[in-house]
Amino acid sequence: GENVEQHPSTLSVQEGDSAVIKCTYSDSASNYFPWYKQELGKRPQLIIDIRSNVGEKKDQRIAVTLNKTAKHFSLHITETQPEDSAVYFCAADGGNEKLTFGTGTRLTIIP
Amino acid sequence: KAGVTQTPRYLIKTRGQQVTLSCSPISGHRSVSWYQQTPGQGLQFLFEYFSETQRNKGNFPGRFSGRQFSNSRSEMNVSTLELGDSALYLCASSNQGFGNEKLFFGSGTQLSVL
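Residues numbered from 1 in each chain as written. Chains lettered and ligands numbered in written order. Predicted model: local features only at pLDDT ≥ 70, side-chain atom pairs only at ≥ 80, totals over all residues. Heavy atoms only, no water.

A. Highlighting the pattern of salt bridges. Taken as a whole and judged by the stated rule, the model has 8 salt bridges over all chains. Between Glu39(A) and Lys37(A) there is a salt bridge, with its nearest N and O atoms 3.8 Å apart. Classification of Glu39(A) as partly exposed rests on a relative accessible area of 32%. Look at the salt bridges and you will find they share partners, linking Arg63(B), Glu82(B) and Asp85(B) into a network. (Salt bridge = Lys/Arg side-chain N within 4 Å of Asp/Glu carboxyl O. Buried < 20%, exposed > 50% of the residue type's maximum accessible area, 1.4 Å probe, protein only.)

B. Expanded view of the packing of aromatic side chains. Across all of its chains, the model carries 12 aromatic pairs over all chains by this definition. With centroids separated by 5.4 Å and ring planes inclined at 90 degrees, the aromatic side chains of Phe101(A) and Tyr35(B) adopt a geometry described as edge-to-face. Pair noted here: Phe101(A) is in strand S10 (residues 100–101) and Tyr35(B) is in strand S4 (residues 31–38), and the two residues belong to different chains. On the basis of relative accessibility, which here comes to 6%, the residue Phe101(A) falls in the buried class. In this structure, Arg55(B) packs its charged tip against the face of Phe50(B), placed 4.2 Å from the ring centre. (Phe/Tyr/Trp six-rings, centres within 6.5 Å; stacked < 30°, edge-to-face > 60°. Helix = DSSP H or I, 4+ residues; strand = E, 2+ residues; numbered from the N terminus. Lys NZ or Arg CZ within 6 Å of the ring centre and 35° of its normal.)

C. Molecular detail of the interface of chain B and chain A. With 22 residues of chain B at the interface, the matching set in chain A holds 17 residues. The contact between chain B and chain A buries some 1700 Å² in all, and 52% of this surface belongs to carbon and sulfur atoms. Where chain B packs against chain A, one counts 0 salt bridges. Connecting chain B to chain A are 5 residue pairs in polar contact (both at pLDDT 80 or more). When residues of the side of chain B that touches chain A are traced back to their parent elements, those giving at least two are S4, strand S5 (42–50) and strand S9 (87–94) of chain B. Of the residues belonging to the side of chain B that touches chain A, the class tally is 9 nonpolar, 10 polar and 3 charged. (Contact = heavy atoms within 4.5 Å. Buried area = accessible area lost by both parts, 1.4 Å probe. Polar contact = N/O pair within 3.5 Å; in protein donor to acceptor, adjacent residues only side chain to side chain. Nonpolar A, V, L, I, M, F, W, Y, C, P; charged D, E, K, R; others polar.)

If you want it as structure tokens, here you go:
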């Protein structure tokens, strides 16, 4: 089955700086790579996703890049703000079966 | 549309007891999946139900089971509770339940086993 590794487990950045979270996956059949954000005490919510036919996708301050050859994908947040503080989870679909999630990255934005 | 609803929000049980958690998906969604969330372990997949059938199962012992009703509502049961079962249990619904669909999560049930 699919195995997803996520790094770092914790990340602190100054407000206004950029944050990068990286994930690797094992199943070459994976084609769908979403990112979920979970604020403290709240439910996880999808913030951005990317499919294997695209190398990069942007949505305002958030971008995701995918390297299928190396089997890794990354989340980039620019101009970080206090409301970006949360736990972020990456995931891969293992060939359209079920999502396998990484272990999460706790991002803290320092004012 | 109402979101995914999980009940109860909190549960406290003792070792050896059993517990049942409930999940009502978004109206029209036929897939319900369950995840266990613990610090440092992320979201671990338990199982997924679609049209009352279990379609996928994660690597959890047989003490963890579930079912889905004709109205797509789902229940998860854990028997003979162990201390290590303490966790936040999240359910998520989607339309078809394929891995490339957006998941809509509930707020979770926080289970504490004493």
